[in-house]
Amino acid sequence: MEYLLIFITAIFVNNIVFSQFLGICPFLGVSKKISTATGMGLAVTFVLTLSTIVTYLIQIYVLNPNGLGYLQTLVFILVIAALVQMVEIILKKVSPPLYQALGIFLPLITTNCAVLGVAILVIQKEFSLLQSIVYAVSTAIGFAVALIIFAGIREQLELVNIPKGMRGISIVLITAGLISLAFMGFSGVDGGLKMLFGLD
C-alpha cells in the first residue's frame, strides 16, 4: 500500500509540473502536438527512471562511503547527460520521425530540472531502491500526463478564435495556470489514503 500511495501522490497530488514546477521548459516547448508530447513523455520516463536508479546506487555505494556527498549534483548531472546521449542515439536509429519531432528538446532533457530534481529528492526523502524506482516511474508518468493533457488543450486552442492580445504565450501560460489549479483539487488525497490504509 505504501508503494500505491507513492504512485498516486507523485502523479496527482505532487505532480512534478503543476505542484513542484519542475520541467517547465519541455512542458511549454514540446506541448504543441499530442504525438510529440507522448514521445517526449516516454523519453523522459525512460531517462528519469534509469537515471534515478543509477544515481541512487552511485550515491549509496560510492559517494556516501567515501565522504563525497558534496559532489552529488555534479555527478548526477554527468550521469543524466550520458543517459540522454544514449536515448538520443537509440531514438535516431529506432524512430527517426520522433527524433526529428523532438528536435532540440531531446538534448534539453539533460538540463530538465525534473530529472535532476527526482534524483536528488529520492536521496533527501531517504527512500529505498524500490521506493525510488516507484517514485521515479510515477513522477515520470505524472510529467507525461501533464504534457499530454496540455498538448491536447493547445491543439484545441488552435481551433478557437482567441483575442489578439491573448494569442501566443499569454494563453499558454493562463491555460497552464488553470490546469495547475485543477490539479490542486487532488490535495488531501494522500492524507485520505493514509487514513484509509492506516499508514503514517
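Residues numbered from 1 in each chain as written. Predicted model: local features only at pLDDT ≥ 70, side-chain atom pairs only at ≥ 80, totals over all residues. Heavy atoms only, no water.

## Side note on the layout of surface pockets
Argument step 1. Volume-wise, the second largest pocket comes out at about 190 Å³.
Argument step 2. Along the walls of the second largest pocket sit K32, R154, L157, E158, V160, N161, I162, R167, G168, I171 and V172, which together make up its complete lining.
Argument step 3. Secondary-structure elements contributing two or more residues to the lining of the second largest pocket are α7 (129-157) and α8 (169-183).
Argument step 4. Within the lining of the second largest pocket, the residues separate by chemical class into 5 nonpolar, 2 polar and 4 charged. (1 Å grid on protein atoms, 1.4 Å probe; cavity = no way out; pocket = protein on both sides within 12 Å on 5 of 7 lines; lining within 4 Å. Points joined across faces, edges and corners; volume = space filled by probe spheres on them. Helix = DSSP H or I, 4+ residues; strand = E, 2+ residues; numbered from the N terminus. Nonpolar A, V, L, I, M, F, W, Y, C, P; charged D, E, K, R; others polar.)

## Things to note about the environment of A114
Argument step 1. With respect to the helices and strands, A114 occurs in helix α6 (residues 113-124).
Argument step 2. C-alpha separation for the pair A114 and F21, spaced 93 residues apart in sequence, amounts to 8.5 Å.
Argument step 3. Discounting chain neighbours no more than four positions away, the residues touching A114 are I16, L22, G23 and L48. (Contact = heavy atoms within 4.5 Å.)

## Considering the packing of aromatic side chains
Argument step 1. Using the criterion set out here, one finds 6 aromatic pairs in the structure.
Argument step 2. Judged by centre distance (5.5 Å) and plane angle (90 degrees), the rings of F18 and F27 are edge-to-face.
Argument step 3. When its relative accessible area of 5% is taken as the criterion, F18 is described as buried.
Argument step 4. Centre to centre, the rings of F18 and F183 are 4.8 Å apart; their planes meet at 45 degrees, and the pair counts as tilted. Here F18 is found in the loop between α1 (2-13) and α2 (24-29), whereas its partner F183 is found in helix α8, with 165 residues between them in sequence.
Argument step 5. Through successive ring pairs, a cluster of aromatic residues spans F12, F18, F27, F150, F183 and F186. (Phe/Tyr/Trp six-rings, centres within 6.5 Å; stacked < 30°, edge-to-face > 60°. Buried < 20%, exposed > 50% of the residue type's maximum accessible area, 1.4 Å probe, protein only.)

## Points about the packing of helix α3 (residues 34-63) against α6
Argument step 1. Relative to each other, α3 and α6 sit at 40 degrees, their axes nearing to 9 Å. When the axis of α3 is compared with that of α6, the two are oblique. Along this stretch, α3 crosses α6, giving a crossing that reads as right-handed. The segment α3 lies against α6, with V47, L48, S51, T52, T55, Y56 and Q59 engaging A114, V115, V118, A119, V122 and I123. (Axes fitted to C-alpha atoms, helices over the stretch in contact; angles between N-to-C directions. Parallel < 35°, antiparallel > 145°, perpendicular 65-115°, else oblique. Left-handed = near helix turned anticlockwise from the far one by under 90°.)

## Regarding α6
The periodicity of an α-helix, 3.6 residues per turn, causes residues three or four positions apart to be oriented the same way.
Argument step 1. When the terminal C-alpha atoms of α6 are compared, their 16 Å separation across 12 residues agrees well with the 16 Å that a helix rising 1.5 Å per residue should span.
Argument step 2. Of all the residues in α6, the buried ones are A114, V115, L116, G117, V118, A119, I120, L121, V122 and I123.
Argument step 3. Buried residues belonging to α6 abut α3, α4 (72-94) and α7.
Argument step 4. In the stretch just after α6, E126 is the one whose phi turns positive, near 55 degrees. (Expected span 1.5 Å × (residues − 1).)

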